[in-house]
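Here are the chains, one letter per residue:
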Amino acid sequence: MAYYIIPYSFLIITLLFQSSPAPVLSSDADAAVLLTFKSFLSNSDGLRNWEAAGNNVPVNPCTANWTGVHCTDDDAVDKLTLENIGLSGKIDTDSLAKLTKLKALSFMNNSFEGEFPSGINKLISLRSLYLAYNKFSGAIPDNAFFGMGALSQIYLGYNNFNGSIPSSLLPLSKLSKLGFEYNKFDGKIPDFSQDIVYFNVINNHLTGRIPPSLANINASFFAGNDGLCGKPLASCKTSKKKIIIIAAVVAACIVALAAILIFAYLRTRKNNKSTLSQRLQVTSTKPETRFAVTAQKETVEPEPEKRGEIGKLSFVRDDCSERFELQDLLRASAEILGNGSIGASYKAIIGDGSAMVVKRFREMNKLGKDEFDEHMKRLGSLLHRNLIPLVAFYFRKDEKLLVSEFVDNGSLATYLHGKRGAGLNWPNRLKIIKGVAKGLEHLHKTLPDLPVPHGHLQSSNVILDQNFDPLLSDYALLPVLNTDHAQQFMVAYKSPEFAQTDRISRKTDVWSLGILILEILTGKFPANYLRKGKGGGNSDLAAWVNSVVREEWTGEVFDMNMRGTKNGEGEMLKLLKIGMCCCEWKLEKRWDLRKAVEKIEELKERDSESDDLNSSGDIYSSRAMTDDDFSFSINA
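Residues numbered from 1 in each chain as written. Predicted model: local features only at pLDDT ≥ 70, side-chain atom pairs only at ≥ 80, totals over all residues. Heavy atoms only, no water.

Regarding the overall build of the protein
So, point 1. Per the secondary structure count, the protein includes 14 helices and 25 strands.
So, point 2. Among the 636 residues that make up the protein, the fraction classed as buried is 56%.
So, point 3. Restricting to contacts in the protein with at least 6 residues of sequence separation, those with at least 24 account for 64%. (Helix = DSSP H or I, 4+ residues; strand = E, 2+ residues; numbered from the N terminus. Buried < 20%, exposed > 50% of the residue type's maximum accessible area, 1.4 Å probe, protein only. Contact = heavy atoms within 4.5 Å.)

Dropping the structure here:
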């Protein structure tokens, strides 16, 4: 499973369902405010337990555990996290303004649409605002944030906002994190004077010079805005053609998705070492505090035909040593590991202290229950030292949970792009790619009927143990994922053959392996993985490597952080060429997996004394290559 995450994981979102403690008498003022707010919402079935008490008995939303409601120690509502429950309608800020201690507000991943919520600036105590992954559109009024002096972070990504970035953000002295990616904002970036530590505007229509105050922001967070220039991008005096070339190279170096997920992952690990309590609680007192969210236990009786389907956790093997009930899992303390393109991942600590990874899928409705059960149990039988074993799964019509063992050293993506290659010397990188190849080979041998046995091989789905041995995750999910969603996000559908013919094959996994090899050697993230839908094309990592080493195979493409072995460059060059043979655009010329694994297994940490690197006739010679020695095409 991908342990990589996006910036919105500054909110620690869990899958917990929890029993409600006995209510206590309290002023029902906040309850009345929230019920008024709910009356403006549509599709609010996820808020069923927001109910007034009968017989004029006061109700306290804090002790009654209303969904998404978080409170201070004195039972004042200070946070609302209403995420992933399909809400739409109006966000009534007039009622929310009566919650005088409201510090954080999140409506991420719902179905709100239309203009930016009016009156947001009435929430003068608000520190964090999360509206990402909705359907908002139109221009945000320039004065939308006027007077919100407490605002520290705002995330509006993955909507359809257009127009200028509001200038009312400029006077907000505590502002430090802004996420505006995948919208249609245009014009110039305002000249922020605050200490901005996170600023993401990927894939908008922004133009002009980047303000000096943002010069230290990662260059990849400005990708997809062809009109931007200045540090950290190319000088504004550079020609437009050169800007495009440089921007493509920069985007390939450290792409936003990897950086976002890795940064969030590192922050999560740093600030969430302690066990979360059963009750909702704040985990930090800083202005940018994150908070745990405990989802509520459903009190609605299931329909008769659905009884028996709800509440059952299915283990994939009879000999599973870890046995626990669904409620044990859902009540466990947990933290978010990542919110990737095909599912969100959580680390859950069950009663005996064991750590599990729970991955939640919503776009997995391709198969019925019986077929789904059969496929999951088949995956559970795939035991190999380089595969993360599936432990259990949970099936509901519109939601699936996959449970696997937790590996406590992070993903390969974390080390390549988030830790600047820390610990990844050449011997470790060679060990990782050999383990990946063995795990992939096992999948191909044991799943002969699947056209693409892995389908989503990328650095974020390679998990490392304490010895830097790799374990593959998110494998063999193509048969169960919704086709449209898979074609938008999964790595297999970024391949050249799908771009050319709308087809994928077993050699598609070989292409993914080749791209992973190049990523490991160069330290650059594959830029085409960012795009939804068909990837490939001349902007992928293989094309960049080819442009650098086309005339002479030298080590200038290697990650400068790759250290640890003398006299190893010859072996590194061999692996580089193996990667390029795996990335061959023409399917008939691309190596099959058997040959790739065989050549990878031959590699050593040091150059062999008997290996004459200047000899002719060997495709691994480090001299300038000719078409007779090493031939592949980067274009169709």
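More follows now that the structure is in view.
Some details on the environment of Arg396
So, point 1. Within the secondary structure layout, Arg396 lies in strand β22 (residues 390-396).
So, point 2. Counting along the chain gives 84 residues from Arg396 to Lys312, while the straight-line C-alpha distance between them is 9.6 Å.

Some thoughts on the pattern of salt bridges
So, point 1. A full pass over the atoms with the stated rule returns 14 salt bridges.
So, point 2. Note that Arg385 and Asp469 form a salt bridge whose closest N and O atoms lie 3.9 Å from each other. Of the two residues, Arg385 is situated in the loop between α6 (369-380) and β22 and Asp469 in the loop between β24 (462-464) and β25 (470-472); the sequence distance between them amounts to 84 residues.
So, point 3. By relative accessible area, which is 63% here, Arg385 ends up exposed.
So, point 4. For Asp469, a relative accessible area of 18% gives the class buried.
So, point 5. Sharing partners across several salt bridges, the network here consists of Arg360, Arg362 and Glu399. (Salt bridge = Lys/Arg side-chain N within 4 Å of Asp/Glu carboxyl O.)

Some details on the sheet that holds strand β23 (residues 399-405)
So, point 1. In spatial order, the strands read β18-β22-β23-β21-β20-β19; together these six strands make up an open sheet with antiparallel pairing. Strands with a single pairing partner mark the edges of an open sheet, and in this sheet they are β18 (314-315) and β19 (333-339).
So, point 2. Across six bridges, β19 lies against strand β20 (residues 344-349) in antiparallel orientation. By the bridge assignment for β20, Glu335 is matched with Lys347. (Pairing = 2+ DSSP bridges.)

Quick look at the pairing of β20
So, point 1. Judged by how many residues are buried, β20 sits mostly within the fold: five of six residues are covered.
So, point 2. Hairpin remark: β19 followed by β20, antiparallel, with four residues in the connecting loop.
So, point 3. Sheet topology note: the β20/strand β21 (residues 355-361) ladder contains six bridges and is antiparallel. Residue pairing for β21: Ile349 is matched across the bridge by Ala355.

So, the state of the cysteines
So, point 1. Inspection of the entire model under this criterion finds two disulfides.
So, point 2. Put simply, Cys62 and Cys71 are joined by a disulfide, and their sulfur atoms are 1.9 Å apart. Sign of the S-S torsion, about -90 degrees for the bond between Cys62 and Cys71, identifies this disulfide as left-handed.
So, point 3. The residue that forms a disulfide with Cys229 is Cys236, at a sulfur-sulfur distance of 2.0 Å. Residues Cys229 and Cys236 share a disulfide whose torsion about the S-S bond is about 90 degrees; that sign makes it right-handed. (Disulfide = S-S within 2.5 Å.)

Considerations on helix α14 (residues 593-601)
So, point 1. Leu593, Ala596, Val597 and Ile600 are the residues of α14 that are buried. Down the axis of α14, the smallest arc covering the buried residues is 95 degrees, so these residues share one side.
So, point 2. Along its buried surface, α14 packs onto α8 (426-446), α11 (506-522) and α13 (569-582). (Arc of directions from axis to C-beta.)

Observations concerning the side chain of Thr508
So, point 1. Here Thr508 shows up in helix α11.
So, point 2. The buried category is assigned to Thr508, whose relative accessible area is 0%.
So, point 3. Apart from residues lying up to four places away in sequence, Thr508 is in contact with Val452, Ala492, Ser495, Glu497 and Arg590.

Considerations on the nonpolar core
Across soluble globular proteins, you tend to see nonpolar side chains buried next to one another.
So, point 1. Counting residues in hydrophobic clusters, the biggest one holds 78 residues, and the most contacted among them are Leu412, Ile433, Val462, Leu477, Leu513 and Leu575.
So, point 2. Per-element accounting of this core gives the leading share, nine residues, to α11.
So, point 3. Each residue touching Leu513, except ones within four places of it in the same chain, is listed here: Ile433, Val436, Leu440, Leu457, Leu593, Ala596 and Ile600.
So, point 4. One finds Met108, Ile154, Phe192 and Leu233 within the second-largest nonpolar core, a separate group that totals 67 residues. (Core = buried A, V, L, I, M, F, W, Y, C linked by side-chain atoms within 4.5 Å.)

What to know about the confidence of the model for the protein
So, point 1. Overall, the prediction assigns the protein a mean pLDDT of 77, with 73% of residues at 70 or greater.
So, point 2. Across residues 1-27, where pLDDT falls below 50, the model places 140 contacts with residues more than four positions away in sequence or in other chains.
So, point 3. In this model, residues 270-310 is a region of pLDDT below 50 whose contacts with residues beyond four sequence positions or in other chains number 93 contacts. (pLDDT = per-residue confidence, 0-100.)

Re the sheet that holds strand β11 (residues 160-163)
So, point 1. Strand order in the open sheet formed by six strands is β7-β9-β11-β13-β15-β16, and the pairing between neighbours is parallel. Edge positions in the sheet fall to β7 (113-114) and β16 (227-229), since each of these pairs with one other strand and no more.
So, point 2. Note that β7 and strand β9 (residues 135-139) share two bridges and pair parallel. Looking at the pairing, Gly114 lines up with Phe136 of β9.

A word on the environment of Leu126
So, point 1. Its place among the elements puts Leu126 in the loop between β7 and β8 (128-130).
So, point 2. Leu126 gets classed as buried once you look at its relative accessible area, which sits at 0%.
So, point 3. Note: C-alpha distance between Leu126 and Leu151 (25 residues apart in sequence) is 5.7 Å.
So, point 4. Beyond its immediate stretch of four places on either side in the chain, Leu126 contacts Leu102, Lys103, Ala104, Leu105, Met148, Ala150 and Leu151.

A closer look at the pairing of β11
In regular strands, side chains alternate between the two faces of the sheet.
So, point 1. Burial of the side chains of β11 is restricted to one face: Phe161 and Gly163 are buried, whereas none of Asn160 and Asn162 on the reverse face is.
So, point 2. Both β9 and β11 contribute to a ladder of three bridges, which runs parallel. When the bridges of β11 are listed, Ala139 appears paired with Asn162.
So, point 3. Pairing of β11 with strand β13 (residues 184-187) involves two bridges; the strand directions are parallel. Looking at β13, one finds that Asn162 is bridged to Lys184.

Digging into the packing of aromatic side chains
So, point 1. The final tally for this structure, using the stated rule, is 21 aromatic pairs.
So, point 2. On the numbers, 6.4 Å between centres and 75 degrees between planes, the contact of Phe180 with Phe199 is edge-to-face. Of the two residues, Phe180 is situated in the loop between β12 (177-179) and β13 and Phe199 in strand β14 (residues 198-200); the sequence distance between them amounts to 19 residues.
So, point 3. Counting every residue linked through ring pairs, the aromatic cluster contains Phe37, Phe107, Phe112, Phe116, Phe136, Phe145, Phe161, Phe180, Phe185, Phe192, Phe199 and Phe222.
So, point 4. Here Lys400 stacks its cationic end above the ring of Phe372, 5.9 Å away from the centre of that ring.
So, point 5. The lysine or arginine in question, Lys400, covers the ring of Phe395, its NZ or CZ lying 4.7 Å from the ring centre. (Phe/Tyr/Trp six-rings, centres within 6.5 Å; stacked < 30°, edge-to-face > 60°. Lys NZ or Arg CZ within 6 Å of the ring centre and 35° of its normal.)

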